[in-house]
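# Per-entry structural report
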Amino acid sequence: MTDRRSNVLTVCMVVLVIYFLLPLFWLFIASTKNVGDLFSSFGLWFAHDFSFFSNVHDTLTNNGGVFVRWMGNTVFYSVVSAGGAAFLCALGGYGFAKYRFRGNSAMFGLVLGAIMVPTTALAIPTYLLFSKAGLVNTPLAIILPSLVSPFGLYLMRIYAQDAVPDGIIEAARIDGASEFRIFFQVALRLLAPGVVTVLLFTLVATWNNYFLPLIMLNNPDLYPVTVGLAAWSSQAGAGGGTTGAVLSLVITGSLLSVVPLIAAFLLLQRYWQSGLASGGVKA
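Remember, it's a predicted structure, so these values are computed and weren't measured experimentally.

### Focus: a nonpolar patch on the surface
A cluster of nonpolar side chains, contributed by Val14, Ile18, Leu22, Phe25, Trp26, Phe28, Phe42, Leu44, Trp45, Phe46, Phe50 and Phe53, occupies part of the molecular surface with about 1200 Å² of accessible area. For the nonpolar patch, the element with the most residues is helix H1 (residues 2-31), which contributes six residues. Within the secondary structure, Phe50 sits in the loop between helix H2 (35-40) and helix H3 (52-61).

### Quick notes on the packing of aromatic side chains
Applying the stated criterion to the full structure yields 21 aromatic pairs. Between Trp45 and Phe46, the aromatic rings sit 5.3 Å apart at their centres with planes inclined by 70°, giving edge-to-face as the arrangement. Looking at Trp45, the relative accessible area reads 51%, which means it is exposed. Owing to a relative accessible area of 32%, Phe46 belongs among the partly exposed residues under this scheme. Centroid distance Phe151 to Phe201: 5.9 Å. Interplanar angle 45°. Geometry classified as tilted. A residue pair is termed long-range when its members are at least 10 positions apart, and Phe151 in helix H8 (residues 150-163) and Phe201 in helix H11 (residues 192-207) qualify at 50 residues.

### Brief notes about the pattern of salt bridges
Side chains that differ in charge, positive against negative, can pair when their charged atoms come close. Summed over all chains, the structure comprises four salt bridges. Ionic pairing is found between Asp166 and Lys98, a salt bridge with its closest N-O pair at 3.0 Å. Highlighted residues: Asp166 in helix H9 (residues 166-174) and Lys98 in helix H4 (residues 66-98), separated in sequence by 68 residues. Between Glu170 and Arg173 there is a salt bridge, with the nearest N and O atoms lying 3.0 Å from each other. With Glu170 and Arg173 both in helix H9 and three residues apart, the pair spans about one turn of that helix.

### A closer look at the confidence of the model for the chain
When the pLDDT values of the chain are averaged, the result is 88; 91% of them are 70 or greater. Across residues 277-283 the pLDDT falls below 50, and counting only partners more than four positions away or on other chains, this stretch makes zero contacts in the model.

### Re the nonpolar core
Counting 36 residues, the largest nonpolar core has Phe67, Trp70, Met216, Leu217, Val225 and Trp232 as its most contacted members. At the level of elements, H1, H3, H4, helix H7 (140-146), H11, helix H12 (211-216), helix H13 (225-237) and helix H14 (243-282) are the ones that each hand at least two residues to this core. Broken down by element, the residue count for this core peaks at eight residues, all from H14. Residues Cys89, Ala90, Leu153 and Met156 belong to the second largest nonpolar core, which totals 22 residues.

Definitions and cut-offs
- Residues numbered from 1 in each chain as written.
- Predicted model: local features only at pLDDT ≥ 70, side-chain atom pairs only at ≥ 80, totals over all residues.
- Heavy atoms only, no water.
- Patch = residues over 30% accessible without salt bridge, like charges linked within 9 Å, V, L, I, M, F, W, Y side chains within 5 Å.
- Areas by Shrake-Rupley, 256 points an atom, 1.4 Å probe, with all protein chains shown as cover.
- Salt bridge = Lys/Arg side-chain N within 4 Å of Asp/Glu carboxyl O.
- Helix = DSSP H or I, 4+ residues; strand = E, 2+ residues; numbered from the N terminus.
- Phe/Tyr/Trp six-rings, centres within 6.5 Å; stacked < 30°, edge-to-face > 60°.
- Buried < 20%, exposed > 50% of the residue type's maximum accessible area, 1.4 Å probe, protein only.
- pLDDT = per-residue confidence, 0-100.
- Contact = heavy atoms within 4.5 Å.
- Core = buried A, V, L, I, M, F, W, Y, C linked by side-chain atoms within 4.5 Å.

Next comes the structure, spelled out in structure tokens:
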């Protein structure tokens, strides 16, 4: 009975892995083909002409290297937003978990309610507020909304509840440490796995964000890669003699845009898993 259950789970995992990796595999295969092979060859295997490096060169140099600028913008928006959101969520989650004050439960209930609100519903009000403040078409129009993460705050509050023992806090207070010193030198180290988790979630969310930059930015030099590739895709959909060439740029650019995300996840996952494992051993 145990073996049968294990075999079923293995088959399910293999199917899920294929389901999630197949689009990425197709994207890589398509980025190795020239315009002609892209439409005439089998989609899930290589063509005779391996054009990956020429496609990458064309993508990086097209229109004065604007794709490189888009990637730089995306990295800047994502790193600043992820770092800021992770820090604010750690600070807020620690405060909700370890301090008792009037309105604690009510305020945390508002956080839970905010998780239920779809981000697209807040896009227009956010645009109107930023327009009044003169922040539209600036990097702050992307970074500031990304710093707000109700789910990250909820996650850090739940994690800090057990990850930071009250005895350690009391011992630090007896030794004369201030509350901020306790947080930065004691609690933050214990919260590291949770911080990395929020960092990863916010990094991916900001990197893949499309709708907010679309309505906030009208300067192509400020576009993230999602909006930039969508603009190229619109050019390809408009028809004309360069449709195939632009479509090849979109495909190759899409592949290049996911490589940093994969690298960041693999790099941070090691610290994430090691932190969670050490916490489990201590428990």
